[in-house]
Amino acid sequence: MTEILLKNADLILTMDESRQELSKADILVRDGQIARIGQGLETQGEVHDVSGCLVTPGLVNTHHHLYQTLTRAVPGGQDALLFGWLQTLYPIWSRFGPEEMFTSAQIGLAELALSGCTLSSDHLYLYPNGARLEDTIAAASELGMRFHPTRGAMSIGESDGGLPPDHLVEKEAAILDDMVRVVDAFHDQSEGSMCRVGLAPCSPFSVSRDLMRDAALLARDKGVMLHTHLAENDEDIAYSQAQFGCRPGQYAEELGWTGPDVWHAHCVKLDGAEIDLFSRSETGVAHCPCSNCRLGSGIAPVRAMRDVGVKVGLGADGSASNDNGNLMLEARQAMLLQRVANGADAMSAREALEIATRGGADVLGRPDCGRLMPGKRADIAVWDTCGIESAGSWDPAALLLAGPMSVKHLFVEGRQIVRDGHITTIDLPRVIERQNTLARALQA
Ligand SMILES: [Zn+2]
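Model, not experiment: these values are computed from the prediction. (Residues numbered from 1 in each chain as written. Predicted model: local features only at pLDDT ≥ 70, side-chain atom pairs only at ≥ 80, totals over all residues. Heavy atoms only, no water.)

(A) Summary view of the nonpolar core. Core analysis: the biggest nonpolar cluster contains 118 residues, and Trp-85, Trp-93, Trp-257 and Leu-400 have the highest contact counts within it. Judged by nonpolar contacts, the second largest core, of 16 residues, contains Ala-25, Val-50, Cys-53 and Leu-372. (Core = buried A, V, L, I, M, F, W, Y, C linked by side-chain atoms within 4.5 Å. Buried < 20%, exposed > 50% of the residue type's maximum accessible area, 1.4 Å probe, protein only.)

(B) Structural detail: the environment of Ile-380. With respect to the element layout, Ile-380 can be found in strand β14 (residues 380-384). Take Ile-380: its relative accessible area is 0%, and that puts it in the buried class. Between the alpha carbons of Ile-380 and Leu-410 there is a distance of 5.8 Å; along the sequence they are 30 residues apart. If we ignore the near neighbours within four places in the chain, the residues touching Ile-380 are Leu-6, Ile-27, Val-29, Val-55, Thr-56, Gly-58, Thr-118, Leu-372, His-409, Leu-410 and Phe-411. (Helix = DSSP H or I, 4+ residues; strand = E, 2+ residues; numbered from the N terminus. Contact = heavy atoms within 4.5 Å.)

(C) Seen up close, the packing of aromatic side chains. As enumerated under the stated definition, the model contains 8 aromatic pairs in all. Ring geometry for Tyr-67 against Trp-93: centres 5.0 Å apart, planes inclined by 85°, an arrangement best described as edge-to-face. Here the residue Tyr-67 occupies a position in the loop between β6 (59-61) and α1 (82-93), and Trp-93 occupies one in helix α1, the gap between them amounting to 26 residues. Taken together, a centroid distance of 6.0 Å and an interplanar angle of 75° make the contact between Trp-85 and Trp-93 edge-to-face. In terms of burial, Trp-85 and Trp-93 fall into one category: buried. Pairwise contacts between aromatic rings join Tyr-67, Trp-85, Tyr-90, Trp-93, Phe-96 and Tyr-125 into one cluster. Lying across the ring of Tyr-127, Arg-151 places its NZ or CZ 4.0 Å from the centre. (Phe/Tyr/Trp six-rings, centres within 6.5 Å; stacked < 30°, edge-to-face > 60°. Lys NZ or Arg CZ within 6 Å of the ring centre and 35° of its normal.)

(D) Region of the structure containing the coordination of the zinc ion. Protein coordination at the zinc ion comes from His-63 (NE2), His-65 (NE2), His-229 (NE2) and Asp-317 (OD), with a distance range of 2.1 to 2.5 Å. Here the zinc ion is ringed by 4 donor atoms whose angles at the metal span 88 to 176°, and the overall shape comes out irregular. (Donors = N, O, S within 2.8 Å, 3.2 Å for Na, K, Ca; no water. Tetrahedral: all angles 85-135°; square planar, octahedral: opposite > 155°, others 65-115°.)

(E) Main features of helix α4 (residues 172-186). Under the 1.5 Å per step criterion, the end-to-end length of α4 is 21 Å for 15 residues, consistent within 8% with the ideal 21 Å. Taken together, the buried residues of α4 touch α3 (133-143), β8 (146-153), β9 (198-201) and α5 (209-222). (Expected span 1.5 Å × (residues − 1).)

(F) Representation of the packing of helix α2 (residues 98-114) against helix α13 (residues 428-443) in the model. Running from N to C, α2 and α13 cross one another at 130°; their axes reach a closest spacing of 10 Å. Taken together, α2 and α13 sit at an angle that is classed as oblique. Here α2 runs over α13; the crossing is left-handed. When α2 is examined against α13, the residues Glu-99, Glu-100, Thr-103, Ser-104, Gln-106, Ile-107, Ala-110 and Leu-114 are found in contact with a partner set consisting of Leu-428, Val-431, Ile-432, Arg-434, Gln-435 and Leu-438. (Axes fitted to C-alpha atoms, helices over the stretch in contact; angles between N-to-C directions. Parallel < 35°, antiparallel > 145°, perpendicular 65-115°, else oblique. Left-handed = near helix turned anticlockwise from the far one by under 90°.)

(G) Layout of unusual backbone geometry. Looking along the chain, the bond that leaves Asn-322 and enters Asp-323 is cis, with omega of -10°. Locating Asp-323 in the fold gives a position in the loop between β13 (311-314) and α11 (327-342). The phi torsion at Lys-24 lies on the positive side, around 45°, for a residue other than glycine. For Lys-24, the location among the structural elements is in strand β2 (residues 21-30).

This is the structure:
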């Protein structure tokens, strides 16, 4: 039995059922789970003094393309719209291989961890030069991040009227075979799982209707989740109406892509009927506010979604469309965008933090994460509220209005992966150097 005790937190935002906020309290962790929360707790194990700190559940990232950390701020893609942006980047991504996938995943996940993230999904939809999903799983496992990789795919290349170049797409039979392989090899459904695999054809404009339907059938057969991009911008809606004669929500519903085991990225352009469909069917949304701003896609109707009970989590989205991987900045941006659209009372700092924690955990089917309660997983972010960002704050719990954007300590399954603002599990300076070497080679 291993215990650790976080002692004397100034404040704990539990994100439990009644959203309790506990002053001067302790958290006792036993074997990766939260054992007790309260005052005057004791242990024979390791003790961390967290006085002067705010403690929250670890943040949850519901949408990312980790490989893209190798193509941040690429000049030809800096100011392009979505489809033009993709066409700039596809030729660069086609030169990636296993090492690019591993290193860029490690950079992306470490950056997320420093912003308080303990659980991240990833959407890897291209597999050039021998790259495989397990390249990213190895990166997460070395770092100690809880990870939900998804086996993405593209099958419609340029010669079939699609967007990606032909050499970046795969045959649909091979895609389905590899989906079975990675689920059988890496998916762990157990309580406290550190790795769950999902199935994720890239988007309705890069795979066929058949693959969308077959992936949904396979996911139900295997008991894994489904993920894709949906209704990202106006071009996306126009494409759906021209190609399929319907809106994205209807397309998704017809092919089995709604339900509690499905979450869609972006959903910027969902209309009222589609929002109702997502609410009824318990379909989740990965809201990516910085990416939506960066690509000029629009403001997702998150207020309307939340008001009718749609599950919403946050996503950093790929670094090539953000280009930042700080999940706290996403939470702040989510709050600000709803205020731009609906007024200053449209979303509180506490609600945005709730979306970033338990909201994301619910989207990913992880009610064992995203809240600090006895019996839940010990995924815990510790924020130093003695620094300049909090100085003068009357309400440290309003972390997204005034507070640090990076963590002091971070625990995943009770294991400390950030200590005093530094990653403990990997040699980050060495990984950064490797990443920059790989980026320079791609530019040559
Ligand atoms: Zn994306």
